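Below are the chains, spelled out letter by letter.
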Amino acid sequence: MAELTWNAWMVIGLALAAGAVTKGITGLGLPSVAIPIMASSLGVEQAVMIMLLPTLVTNAWLSWTLRDASAEVPELRRIILIGIPGVALGAAVLYLASERFLATLLSVWVLVYLAVRLLHPELLLSEKARRQLVVPVGFASGVLQGSTGICAPALVPYVDALGVGPRAYVFAFATVFMSLSLTHLTILGSIQAYSAEQLVLSLLAVILAMVFVPIGNWLRNFVRPELFGVLIRTVLFVTAARLFYGAWFG
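For clarity, every value in this text was computed on a predicted model and none was experimentally measured. (Residues numbered from 1 in each chain as written. Predicted model: local features only at pLDDT ≥ 70, side-chain atom pairs only at ≥ 80, totals over all residues. Heavy atoms only, no water.)

Draft legend 1. Summary view of the overall build of the protein. Each helix and strand counted, the protein has 11 helices and 0 strands in total. Secondary structure elements in the protein, listed N-terminal to C-terminal, are α-α-α-α-α-α-α-α-α-α-α. In terms of overall size, the protein behaves like a compact globule, its C-alpha atoms giving a radius of gyration of 17 Å where 250 residues would be expected to give roughly 18 Å. Counting only C-alpha atoms, the protein reaches 50 × 40 × 35 Å along its principal axes. Counted over contacts in the protein with a minimum sequence separation of 6, partners at least 24 positions apart contribute 83%. Of the roughly 11700 Å² of accessible surface on the protein, 70% is carried by carbon and sulfur atoms. For the protein, the distance from the average position of its 14 positive side-chain charges to the average position of its 11 negative side-chain charges is 6 Å. (Helix = DSSP H or I, 4+ residues; strand = E, 2+ residues; numbered from the N terminus. Rg over C-alpha atoms; globule rule 2.2 N^0.38 Å. Contact = heavy atoms within 4.5 Å. Areas by Shrake-Rupley, 256 points an atom, 1.4 Å probe, with all protein chains shown as cover. Lys, Arg positive; Asp, Glu negative; His and termini not counted. Charge placed at Lys NZ, Arg CZ, Asp CG, Glu CD.)

See the structure below:
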């Protein structure tokens, strides 16, 4: 940890604060917001490693507290099972690929996610489409989780289109994020790609995340999630554009 500058620590703290507050208000956003912000200064691989434990811990807590909503999303088990081999493939990409490739992949997927949310904010899936998309959504979620630490660009549009209630909505995200991040952590640990330094950083990140998530819960009483979502998507767009520019023109 000694090589991290004060600027790097500030970036980590600000990224975690922004992501955790977003999660507290909307139920989403911890890795989706924090990883691109951190990656713009620390690199994608380091950002993904730092966020593994915060993602696992915060979503495990949410999944347990909202477990009564599981019946509304019966396809979750299939998404998770199909996502596990995708995580393995994504972890290999994270471990072997260049920083330029990782930055490009992350920025493009964030931009795709933002485009889908913008063009189809009220998209709903038929029962047939819901069944047909389970396999590609599950596998793509796993690959993205393993390679970028963010499976939201594949998962969020699908769950958005299911039309489930708010509790089932958050439960679905939390359960998939928890399961895939646990798989990711296990794979990286088994190939010794997760250093002791990164483990300490990730543990510190858990503490910061658990401090700021309740703040987001409190702010939910004063800030409309829709308006906050617009702000966060603006931040994500700027960050993704910066990542892409830095990878190819910086």
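Next comes the rest of the account.
Draft legend 2. Representation of the packing of aromatic side chains. Per the stated rule, a full pass over the model turns up 4 aromatic pairs. Between Phe-173 and Phe-177, the aromatic rings sit 5.9 Å apart at their centres with planes inclined by 20°, giving stacked as the arrangement. Here the residue Phe-173 and the residue Phe-177 both occupy positions in helix H9 (residues 166–190), the gap between them amounting to 4 residues, near one helical turn. Accessibility expressed as a relative area gives 6% for Phe-177, which makes it buried. Its guanidinium or amino end placed over the ring of Trp-64, Arg-67 lies 3.7 Å from that ring's centre, counting from NZ or CZ. (Phe/Tyr/Trp six-rings, centres within 6.5 Å; stacked < 30°, edge-to-face > 60°. Buried < 20%, exposed > 50% of the residue type's maximum accessible area, 1.4 Å probe, protein only. Lys NZ or Arg CZ within 6 Å of the ring centre and 35° of its normal.)

Draft legend 3. Spatial organisation of the packing of helix H5 (residues 99–119) against helix H8 (residues 152–160). With their axes 9 Å apart at the nearest point, H5 and H8 run at an angle of 15° to one another. When the interaxial angle is binned, H5 and H8 end up roughly parallel. In this structure, the crossing between H5 and H8 has a hand that is left-handed. Contacts between H5 and H8 involve Trp-109, Tyr-113, Val-116 and Arg-117 on the former and, on the latter, Ala-152, Pro-153, Val-156, Pro-157 and Asp-160. In the contact of H5 with H8, the residues fall into 7 nonpolar, no polar and 2 charged. (Axes fitted to C-alpha atoms, helices over the stretch in contact; angles between N-to-C directions. Parallel < 35°, antiparallel > 145°, perpendicular 65-115°, else oblique. Left-handed = near helix turned anticlockwise from the far one by under 90°. Nonpolar A, V, L, I, M, F, W, Y, C, P; charged D, E, K, R; others polar.)

Draft legend 4. Molecular detail of the confidence of the model for the protein. Chain-level pLDDT for the protein is 84 on average; 94% of the residues reach the 70-or-more range. Across the protein, the secondary-structure element scoring lowest on mean pLDDT is helix H6 (residues 127–132), at 74, and the one scoring highest is helix H4 (residues 76–96), at 92. (pLDDT = per-residue confidence, 0-100.)

Draft legend 5. Structural detail: the nonpolar core. Membership of the largest hydrophobic core comes to 76 residues, with the highest contact counts inside it found for Met-38, Leu-106, Leu-155, Phe-173 and Leu-188. Here this core gets 12 residues from one element, more than from any other, and that element is H9. Apart from residues lying up to four places away in sequence, Phe-173 is in contact with Leu-28, Leu-155, Val-156 and Val-159. (Core = buried A, V, L, I, M, F, W, Y, C linked by side-chain atoms within 4.5 Å.)

Draft legend 6. Molecular detail of the pattern of salt bridges. The tally for this structure, following the rule as stated, stands at 1 salt bridge. Here Asp-68 and Arg-167 are joined by a salt bridge, their closest N and O atoms 2.6 Å apart. Within this pair, whereas Asp-68 is found in the loop between helix H3 (44–65) and H4, its partner Arg-167 is found in helix H9, the two being separated by 99 residues in sequence. Under the relative-accessibility criterion, Arg-167 is labelled partly exposed at 41%. (Salt bridge = Lys/Arg side-chain N within 4 Å of Asp/Glu carboxyl O.)

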